[in-house]
Amino acid sequence: MDRPRPTTLWHHGLMRPIVIAANWKMHTTPMEAGELAATIARRTRVPGVTRVICPPFVCLAAVRDAVAGEDVAVGAQNVHHELAGAYTGEVSAPMLVGLASWVIVGHSERRRDFGETDVLIGRKLRRAVEHGLRPILCIGEQLAEREAGRAVEVVAGQLRGALAEHDPAELDRAGLVVAYEPVWAIGTGRNARGVDAAEMAEAIRSVAAELGWPEAGASLPVLYGGSVTSANIDEFLTEPAIDGALVGGASLKPDEMAGIVARAGLRVEAATGTLGS
Ligand code: 13P
């Protein structure tokens, strides 16, 4: 099915959208989530930045209602690989339709705690795409893998594994976003260096190109995730290969989100030549 490319920036001349996505993980009650989302939406109105809030499943409706009328997308943090069935406690893609328009798949916390494999994550991607949910595919190496010089190999393997059964053109139309999240940087206060994240983003696009991605991978947005704050976001936004961030802990703080999205807005202005004009 052909859908319009779900980005807002092509007309501004940026090759890819700039995305700031909030992953709230297992935080907030529905009432807290609604209030927090409304505050963040109000404080991050920056032209040209795609904003996404991913609360827990039970908070999706509250966040959707709280940001109604704002240009803020709502995302789920996971989706089951089957449509329905005897899967106690799980949530399928058709259940998310109307609640969310994006979905995170393959987060390292799910790989680690729930044994999610690349093959399973590939099936989740399929469900997301079938239901018009824009996927954020998370990939990233462990510390020991980076120290052994295997980071690119590991991340490339995760990408190939998840995309193996997919048509790259279809994923491109669905607006797939990759989030490079080195596991050792998540929740540790120790972020990757911008240059290393940029190198990985280019490696990710090379693998996409190999797999037959349209425009040789150039249209694939790659975010960085891992201890992003308003104080270090510039390290990533100054790298043209990186298209924004998937933010965990800091995304629960309105001041932090306001700072991060404001910096992303400067990147958009710089890229579109509107800075200082
Ligand atoms: P932190 O920003 O808390 O390190 O989490 C990153 C993350 O896992 C986002 O998905």
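A. Geometry of the environment of G69. Here G69 is to be found in the loop between α2 (60-66) and β3 (72-76). Residues G69 and A41 lie 28 residues apart in sequence; the distance between their C-alpha atoms is 10.0 Å.

B. A look at the sheet that holds strand β2 (residues 49-54). As summarised here, the arrangement of the eight strands in space is β1-β2-β3-β4-β5-β6-β7-β8, forming a closed barrel in which the pairing is parallel. Averaged over all neighbouring strand pairs, the angle between strand axes comes to 25°, with direction disregarded. Of the strand pairs in this sheet, strand β4 (residues 102-105) and strand β5 (residues 134-139) are connected by four bridges, and their pairing is parallel. By the bridge assignment, V105 is partnered in β5 with L137. Sitting on the sheet, helix α11 (residues 254-272) is in contact with β1 (18-23), β2 and β8 (244-247), with an inclination near 165° to β1.

C. Representation of the packing of aromatic side chains in the model. For the structure on display, the rule yields two aromatic pairs. Between Y224 and F236, the aromatic rings sit 4.0 Å apart at their centres with planes inclined by 10°, giving stacked as the arrangement. With Y224 in strand β7 (residues 222-225) and F236 in helix α10 (residues 233-237), this pair connects stretches of sequence that are 12 residues apart. Summarising the burial analysis for this pair, Y224 and F236 share the class buried. Ring-pair connections join several aromatic residues into one group, and the members of that group are Y180, Y224 and F236. Positioned over the ring face of F114 is R110, at 4.3 Å from the centre of the ring.

D. The arrangement of the site of the ligand in detail. Taken together, 13 residues surround the ligand, and among them K25, H107, G187, S227 and G249 come closest. G187 is positioned with one of its backbone polar atoms (N or O) 2.6 Å from an oxygen atom of the ligand. Within the backbone of G248, a nitrogen or oxygen atom sits 2.9 Å from an oxygen atom of the ligand. Bound to the protein, the ligand loses 95% of the 310 Å² it would expose on its own. Here the shell around the ligand is composed, by residue class, of four nonpolar, seven polar and two charged.

E. Quick look at the side chain of T44. Considering the arrangement of structural elements, one finds T44 in the loop between α1 (30-43) and β2. Residue classification places T44 among the buried residues on the basis of a relative accessible area of 2%.

F. Region of interest: the nonpolar core. One finds I20, W24, L137, L176, I204 and Y224 to be the most contacted residues of the largest nonpolar core, which totals 73 residues. Element by element, the count of residues in this core is highest for helix α9 (residues 194-210), at eight residues. Setting aside residues up to four positions removed in sequence, L137 forms contacts with V105, R111, I121, L125, L159, A162, L163, L176, V177, V178 and A179. Membership of the second largest hydrophobic core comes to 13 residues, among which are W102, C138, A179 and L246.

How each quantity is defined
Residues numbered from 1 in each chain as written. Predicted model: local features only at pLDDT ≥ 70, side-chain atom pairs only at ≥ 80, totals over all residues. Heavy atoms only, no water. Helix = DSSP H or I, 4+ residues; strand = E, 2+ residues; numbered from the N terminus. Pairing = 2+ DSSP bridges. Axes fitted to C-alpha atoms, helices over the stretch in contact; angles between N-to-C directions. Contact = heavy atoms within 4.5 Å. Phe/Tyr/Trp six-rings, centres within 6.5 Å; stacked < 30°, edge-to-face > 60°. Buried < 20%, exposed > 50% of the residue type's maximum accessible area, 1.4 Å probe, protein only. Lys NZ or Arg CZ within 6 Å of the ring centre and 35° of its normal. Near = heavy atom within 4 Å. Polar contact = N/O pair within 3.5 Å; in protein donor to acceptor, adjacent residues only side chain to side chain. Areas by Shrake-Rupley, 256 points an atom, 1.4 Å probe, with all protein chains shown as cover. Nonpolar A, V, L, I, M, F, W, Y, C, P; charged D, E, K, R; others polar. Core = buried A, V, L, I, M, F, W, Y, C linked by side-chain atoms within 4.5 Å.

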